[in-house]
Structures are given as structure tokens and as C-alpha cells.
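Survey of secondary and tertiary structure
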Amino acid sequence: MTDGKKIFSKLPIMILGAMICCLLWGSAFPCIKVGYKLFSINPWETSSQILFAGIRFTIAGSMVILFSSIMNKRFIKPAHPKKILTLSAYQTVIQYLFFYIGLAHTTGVKSSIITGAGTFITLFVCCLGFKQEKLTIPKVIGSLIGFIGILLVNINGLSQNLNFNLLGEGFVFIAAFSSAMASAYIKKFSKDADVVMLSGYQFFFGGLSMTLIGSVLGGHISITSFSGVALLTYMGFISAAAYTLWGILLKYNDVSKVSTCKFMNPVFGVILSYFLLNEKGDVGARVVAALVFVCIGIFIVNKKWNKKNNWK
């Protein structure tokens, strides 16, 4: 057993590492919203939103590459170009093109809840798409209960009408699917590639691609204050730290086992959006109930059922 497996496969370490990742990701929801205000990016300025995301991930990739090079006392060169490009597409470009545009057209609270669907999407992708795990009845039931929570948060008040906007909630959901694909590929690629190197270069090239796309489409960002520099630096750190650590956890543990902890992602997102974005009107009985459904669903998916339950 390698030293990494000895450390990161231990349940307490795995849970602690995943909680740190989810806390960082949860803080990204309000940070993006704050960034839109700080850089005067309006909801309809898609090119500027893409440029904003591109700068963030280019910074994140540079951070990972620099840190890894310092730790290894040599410059870490890119390897496995096809794997880097695949991860760059799913984990950075596709996921965050849709996520940044979607978040501009919905609330941080709703985005946090919908992103929780990523846990269930990851389950089906790994079980049916990549055959990395076995799909069982508890996993299906738990997924359905979790999706009830996702739908519940989009029911518009007492009218019970679904409040669903393709550019908002729809795009955030597509981003969650892309994230699920990325998790499956990370698990697959980590068998014979350095996950930290993959993380750094997929962010760097993905960020450059989004920066180029945003610039060509006419995007603009005016960074004139220390607050703007500090925000971009922190957001780069969010991605650099969280995704690198998450990749290491996926390398040494089952995907579903690690993804269980993602229930704290929407929890942190809701809490931080409540306090930092003043989205008090969105944090009510529906959101609390949605979080309960999501957490129950994840519990059922990952509980080890006894054979006497006939759930195999």
C-alpha cells in the first residue's frame, strides 16, 4: 500500500478532506455573485462572464503547477495530453461555461441545491457509463429522493408551479452533469497519471481557452481595486486547492464513497449565500426541506444494507 493510499483512504481523513473541498466550493457561489457586482458584469454579458471564469481558472492552474513544482523541486511538465484535454473540456470549459452563465440567471441558493444533483448524476455515470460501480436498488431510490429535493426548491411558492429557467437552473444542471463526467474520468486517469499534474494543466489550458473565448466574443473586465485582485486570487485558490484535493481523494477511494460527502456542498452554498448575498427570501421552509431530501437521498445511496434487506 502506497503512503498516499494509507493516508487518504482512511475514513476520517477522507471525510475531513471532502468537507474542506465542499466548504471551498460552497464559498464559490457567493464569490461569483460578488465578482459580477465588483466587476460590473450584468446577467446578459455572457462574454464577460466567460472571461471572468477563464481568468480564475488560469490563475488556479498556475497555482497548482507552481506549488507542485516547488514541492518536487523541479518544474512539472505536462504529460498525457489526451487526458489533460479531456479533463480540461469536462471539468473546466464545459462545466464552467454553463455554470457561470447559469449562475447569472438564478440565485446562489438554487444553484447550490441543483449542484447537489451532481452526487446522483455521478452515481449513474460511474455505474452505467463507466461501469466503475454496481447500480443497486438503494442507490436508485436514494437518487430519486434526492431529485425530489432538487425539484422542491424550484416550486414557486404556494402556486406549486415549477420555476425553471433554461439559462439559469438548466445551465447549472448541465454543469453538474459535466462535473460528474469529470469525476469518472479522474478516477480512470489517476491509475497511471499524476492527478496533481492533471489538475494543474487541465485548469491552465481550460482557463486559457475560456479567456480566449470570452475575449473574442467581446468580454471585458476592469480590475482596478485591491478587492478585485484579492477576489480573483481567492477564487483561483478555491479551484486549485479543492479540485486537486478532490482528485487525490478520488484516486484512493471509491467515487460514490467520496461523492457522499458532496451533500455539504449545497449546505455550505445555501448558508454562505444566505449571509454573504443577503438571499434571505430564498432560505425558507422549501429550501430547508430540499436540503433534508438531498441528505436523506445521499444517506440511502451510501448506506451498507444487510443482505436480509434483499437490497443488493
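Heads up: these notes are all about the structure in this document.

How each quantity is defined
- Residues numbered from 1 in each chain as written.
- Predicted model: local features only at pLDDT ≥ 70, side-chain atom pairs only at ≥ 80, totals over all residues.
- Heavy atoms only, no water.
- Helix = DSSP H or I, 4+ residues; strand = E, 2+ residues; numbered from the N terminus.
- Buried < 20%, exposed > 50% of the residue type's maximum accessible area, 1.4 Å probe, protein only.
- Contact = heavy atoms within 4.5 Å.
- Areas by Shrake-Rupley, 256 points an atom, 1.4 Å probe, with all protein chains shown as cover.
- Axes fitted to C-alpha atoms, helices over the stretch in contact; angles between N-to-C directions.
- Parallel < 35°, antiparallel > 145°, perpendicular 65-115°, else oblique.
- Left-handed = near helix turned anticlockwise from the far one by under 90°.
- Phe/Tyr/Trp six-rings, centres within 6.5 Å; stacked < 30°, edge-to-face > 60°.
- Patch = residues over 30% accessible without salt bridge, like charges linked within 9 Å, V, L, I, M, F, W, Y side chains within 5 Å.
- Salt bridge = Lys/Arg side-chain N within 4 Å of Asp/Glu carboxyl O.

Let us look at the overall build of the protein. Of regular secondary structure, the protein possesses 13 helices and 2 strands. Looking at the protein as a whole, 54% of its 312 residues are labelled buried. Of the contacts made within the protein by residues no fewer than 6 positions apart, 87% connect residues no fewer than 24 positions apart. Within the structure as shown, the protein displays about 14400 Å² of accessible surface, and the carbon and sulfur contribution to it stands at 69%.

Relative to the helices and strands, Lys-83 is located in helix H4 (residues 81–103). Given the relative accessible area of 16%, Lys-83 is considered buried. Contact partners of Lys-83, with chain neighbours within four places excluded, come to Phe-189, Asp-192, Ala-193 and Leu-198.

Another point: the packing of helix H3 (residues 46–72) against H4. Relative to each other, H3 and H4 sit at 130 degrees, their axes nearing to 9 Å. Regarding the angle of H3 to H4, the classification is oblique. Handedness of the crossing formed by H3 with H4: right-handed. Counting all contacts with H3, which are made through Thr-46, Gln-49, Ile-50, Phe-52, Ala-53, Arg-56 and Phe-57, the residues of H4 involved are Thr-92, Tyr-96, Leu-97, Tyr-100 and Ile-101.

This structure, assessed with the given rule, holds 20 aromatic pairs. Ring geometry for Phe-99 versus Tyr-100: centroids 6.4 Å apart, planes at 70 degrees, classification edge-to-face. Side by side, Phe-99 and Tyr-100 carry an identical accessibility label, which is buried. Their ring planes at 90 degrees and their centres at 4.9 Å tell us that Phe-130 and Tyr-185 sit as a pair that is edge-to-face. Note that Phe-130 is positioned in the loop between helix H6 (118–129) and helix H7 (137–152) and Tyr-185 in helix H8 (residues 166–189), a separation of 55 residues in sequence.

On the surface, Ile-271, Phe-275 and Leu-276 cluster together into a nonpolar patch covering about 330 Å² of accessible area. Position of Leu-276 relative to the elements: it lies in helix H12 (residues 264–276).

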